[in-house]
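What the coordinates show
Each chain, letter by letter, is given below.
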Amino acid sequence: MLRTVDSIEGYTIQATDGDLGSVKEVFFDDERWGVRYLVVETGSWLSSRRVLISPYSVTGIDTTVESISVSLTREQVKNSPDIDTHQPISRQLEGAYSQYYGYGNYWTGPYLWGVGGLPEYPMPDAGSVPRATERPEDLMDRASDQPQDTHLRSSEKVSGYHILGTDDEIGHVKDFIFDDADWAIRYLLVDTRNWWPGGKKVLLGTQWITRIDWTDSTVQSSLTRDQIKNSPEYDEDMPLDRDYETRLHEFYGKSGYWD
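Attention in this report is confined to the structure presented alongside it. All figures in this text were calculated on a predicted structure; none of them were measured in a lab. (Residues numbered from 1 in each chain as written. Predicted model: local features only at pLDDT ≥ 70, side-chain atom pairs only at ≥ 80, totals over all residues. Heavy atoms only, no water.)

**With respect to the overall build of the protein chain**
What counts is decided by this rule: The helix and strand labels rest on DSSP assignments: H or I over at least four residues marks a helix, E over at least two residues marks a strand, and numbering proceeds from the N terminus. Any two residues having at least one pair of non-hydrogen atoms within 4.5 Å are treated as being in contact.
A tally of regular secondary structure across the protein chain gives 7 helices and 14 strands. Contacts spanning at least 24 positions in sequence make up 58% of the contacts within the protein chain whose residues lie at least 6 apart.

**Some details on the pairing of strand β3 (residues 18–29)**
Heads up, the rule is: Categorising residues by exposure relies on relative accessible area from a 1.4 Å probe, with only protein chains included: less than 20% of the type maximum marks a residue as buried, more than 50% marks it as exposed, and the intermediate range marks it as partly exposed. A strand pair is defined by DSSP finding two or more bridges across the two strands.
In terms of burial, β3 is largely enclosed, as 9 of its 12 residues are buried. Pairing between strand β2 (residues 12–15) and β3: 4 bridges, direction antiparallel. Of the residues in β3, the one forming a bridge with Thr12 is Ser22. Hairpin remark: β2 followed by β3, antiparallel, with 2 residues in the connecting loop. Here β3 runs beside strand β4 (residues 35–41); their pairing, made up of 6 bridges, is antiparallel. Within β4, the residue paired with Ser22 across the bridge is Glu41.

**Brief notes about helix α7 (residues 242–252)**
Short version of the rule: Arc definition: directions from the helix axis to the C-beta atoms.
Every buried residue belonging to α7 is among Tyr244, Glu245, Leu248, His249 and Tyr252, and all of these are buried. Relative to the axis of α7, the buried residues are bounded by an arc of 130° and lie together on one face. Opposite the packed face of α7, turned more than 90 degrees from it, sit the exposed residues Asp243 and Glu250. Check the buried side of α7 and you find it contacts β1 (2–4), β11 (185–191), β12 (201–205) and α6 (225–230). Once α7 ends, the next one or two residues include Gly253, with phi positive near 70°.

**Considerations on the pairing of β4**
Within β4, 6 of the 7 residues are buried, leaving the element largely enclosed by the surrounding structure. Count of turn residues in the β3/β4 antiparallel hairpin: 5 residues, of which Trp33 carries a positive phi of about 55°. Relative to strand β5 (residues 50–53), β4 runs antiparallel, the two sharing 4 bridges. Its bridge partner lying in β5, Val40 is registered against Val51.

**Quick notes on helix α3 (residues 91–101)**
Two residues of an α-helix separated by three or four positions point the same way, owing to the 3.6 residues in each turn. By the criterion of burial, α3 is predominantly enclosed, with 10 of the 11 residues buried. Among all positions of α3, only Arg91, Gln92, Leu93, Glu94, Gly95, Ala96, Tyr97, Ser98, Tyr100 and Tyr101 are buried. A positive backbone phi angle near 85° is found at Gly102, which sits one or two residues after α3.

**A few points about unusual backbone geometry**
Trans peptide bonds make up the majority, and among non-glycine residues the majority have a negative phi. Positive phi outside glycine occurs at Trp183, with the angle close to 65°. Inspection of the secondary structure puts Trp183 in the loop between β10 (169–179) and β11. Looking at Trp183, the relative accessible area reads 3%, which means it is buried.

**With respect to the side chain of Glu245**
Residue position: Glu245 is located in helix α7. Once you skip the residues sitting within four places of it in the chain, Glu245 turns out to touch Leu2, Tyr187, Leu240, Tyr257 and Trp258.

In structure tokens form, the structure reads like this:
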């Protein structure tokens, strides 16, 4: 199912033995456009510390009660590596995090999740201790001593980035749409009203993005302003189904990611 990142903001993260906190934002990687972590505000039980929750641990999303279930215990999360989510997170720190939980490194294979297309790496039992034999602080110390290689981006920070077409600006990033099966970001939700008064919202496929300039806070697309102006409008109040996706791809003459 396709969902917006904004739609899960505030959702409660439900561990096997209680609540962990609520979703604040997500981190995605700028190479394969995968949602790699939910950033969770833990509240008073963990001194309002922010923690990262990987899709590897997600077992279900319940829109009725606005919660996301994970196969982790509160103790596992409490003892996990303390990563400062306000600072750039390096690949080395991600490796320490993955080692603590016993996950695979999603960047070490040819697919979205490394060895596969879904986050289905063998998981530790929910009641067991983490697989890492080193203490979390030792893992972090060792990671911080290595050269830093950063590929994670904050959905909160990228929201508002200006999107450039081949001929002019075409809007700004309003939201991200991801598939909750493989956690791939399929589209950027683009608001065109900063250049087109009374304009509409449209979707920009991530595979149609040619470059992101993190210094200038811009996204470069292969589309023109005229194409955007005439493209199928996206209605946030309507479900995003395959019929609409097909019309959108046919309009741009693009192959569907599902083919």
